[in-house]
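Structural features, examined
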Amino acid sequence: MTFVVADRRILERPRKKLRPASAVLTLVIIVAAVVAAFPLAWMVLTSLKTPQETMQVPPVWLPASPNLDAYFQVADVVELGRSFVNSATIALVTTAAILVTSLMAGYAFAKYRFKHRDLLFAVLIATMFLPPIVTLIPLYRITGYLGLNGSLAGVLVPNLANAFGIFLMRQFIRGVPDELIEAARVDGASELRILFQIVAPAVLPAIAALTLFAFVYHWNSYLWPLTVLQGNADAYPIVISLSRLLSYNRGAMNTGLVMAGATLAVLPPVLLFVVLQRFFVDSIVASGVKG
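Chains are numbered independently. Their residues run from 1 in the order of the written sequence. A pLDDT threshold of at least 70 governs which residues receive local features in this predicted model, and a stricter bar of 80 or more applies before side-chain atom pairs are shown or counted, although totals over entire chains, interfaces and linings include all residues. Calculation of side-chain values draws on the structure's entire complement of heavy atoms; hydrogens and water are dropped beforehand.

1. Some points on the side chain of S87
With respect to the helices, strands and loops of the structure, S87 is situated in helix α5 (residues 80-111). For S87, a relative accessible area of 1% translates into the label buried. Counting of polar contacts relies on pairs of N or O atoms within 3.5 Å, with two restrictions inside protein: one atom must be capable of donating a hydrogen and the other of accepting it, and residues adjacent in sequence are counted only when both atoms are side-chain atoms. A polar side-chain atom of S87 sits 2.7 Å from the main-chain amide nitrogen of I238. Contacts: residue pairs with any heavy atoms within 4.5 Å of one another. The contacts of S87, once residues within four sequence positions are left out, are W219, P237, I238 and V239. Each helix corresponds to a stretch of at least 4 residues labelled H or I by DSSP, and each strand to a stretch of at least 2 residues labelled E; elements are numbered beginning at the N terminus. Exposure classes here rest on a 1.4 Å probe applied to the protein chains alone. A residue is buried below 20% of its type maximum, exposed above 50%, and partly exposed in between.

Okay, structure coming up:
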């Protein structure tokens, strides 16, 4: 009987009222989410409309009869297969290289003591503030001397390391206890084994975040590939290939075609974001070094 009374008391407790500050904050978050998602939703919906619906004023928000005609037309204008392979090659190779080089350099800056370490790290951080347009011509000249212009290798080589990635890894690796690393060294583990089997699992949230940032940035990279490839259309990534669709957007008759191409281009980064967002949250909850 005592338990029944206790249960009734719990059920009869008044619910906490939503404070005005919390309600305003929730409303602001909802509005911000809607504003951020609106361009993506409009792009997808427009790609499903007929040419007549894309020209109507006032605009039609929802297509009366959604269709995939624009997506099939994109394949006739742009070589989607080859362009997607080029984009995937650029994004995957550079992301993998950035992860490896950032882990190794970040580990060295965080756990090794050597002459002028702090000065070198300060110079590295300073390069993060250089606008890409400033380094465009020097990098172009270097790739030209190496004979890499006009090829995917010219796009890849200058992006195999990243100052922001090194900075991010260094900050996270500093939180890994030195005692754990010293214990592994006493057991005879090599530095590479310590890095990839002990340090890397401890900084999984940073790895997930850097993977997402690097992949999205290099998937959407436009200026550098356009400069290096020098009109070699066979090596164009999807972002550059889709610029060809702009010539078809006359009088808004082919707006759906342009939106369909844009939807296809943003699909891989969006899917990666969905996957790594969950992994990122799970890693934060499960991460930590236990003594």
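Back to the write-up after that little detour.
2. Quick word on the nonpolar core
L103, Y107, M169, I173, I194, V199 and I207 are the most contacted members of the largest nonpolar core, which has 21 residues in total. Going through the elements one at a time, α5, α9 (163-173), α10 (178-186), α11 (191-202) and α12 (204-219) are the ones with two or more residues in this core. Contact partners of I194, with chain neighbours within four places excluded, come to Y107, I181, A184, R185, A189 and V199. In this structure, V78, L242, L257 and A265 belong to the second largest nonpolar core, which totals 17 residues. For this analysis, a nonpolar core means a set of buried residues of the types Ala, Val, Leu, Ile, Met, Phe, Trp, Tyr and Cys, connected via side-chain atoms within 4.5 Å.

3. Concerning the side chain of H218
Within the fold, H218 resides in helix α12. If we skip the residues at most four places from it in the chain, H218 touches I90, A91, T94, I98 and N159.

4. Some details on the packing of α10 against α11
Packed helices, taken two at a time, are described by the angle their axes make and the gap between the axes. Where helices are involved, their axes are fitted lines through C-alpha atoms of the stretch in contact, as for all axes, and angles between N-to-C directions lie from 0 to 180°. At their nearest, the axes of α10 and α11 sit 10 Å apart, and the two run at 135° to each other. It follows from the interaxial angle that α10 and α11 lie oblique. Like other packed secondary-structure pairs, α10 and α11 cross with a definite hand, here right-handed. Counted together, L180, I181, A184 and R185 of α10 and E191, I194, I198 and V199 of α11 form the full contact between these two elements. What sets the label is the angle itself: under 35 degrees gives roughly parallel, over 145 gives roughly antiparallel, 65 to 115 gives roughly perpendicular, and the rest give oblique. We call a crossing left-handed when the near helix sits turned anticlockwise from the far one by less than a right angle, and right-handed when that turn is clockwise.

5. What to know about α9
Restricting attention to buried positions, one finds in α9 the residues A163, G165, I166, L168, M169, R170 and I173. Buried-residue contacts for α9 involve α5, α6 (117-127), α11 and α12. For α9, the N-terminal capping position is held by N162, with its side-chain oxygen 2.9 Å away from the main-chain nitrogen of F164.

6. Details of the pattern of salt bridges
A pair is scored as a salt bridge if a Lys or Arg side-chain nitrogen falls within 4 Å of a carboxyl oxygen belonging to Asp or Glu. Tallied over the full model, the rule gives six salt bridges. Of the charged contacts, one joins R82 and D234 as a salt bridge, the two residues approaching to 2.5 Å between their closest N and O atoms. Of the two residues, R82 sits in helix α5 while D234 sits in the loop between α13 (223-229) and α14 (238-241), which places them 152 residues apart along the sequence. A relative accessible area of 46% means that D234 is categorised as partly exposed. The partner of D118 in a salt bridge is R117, with the nearest N and O atoms 3.6 Å apart. With relative accessibility at 53%, the residue D118 sits in the exposed group.

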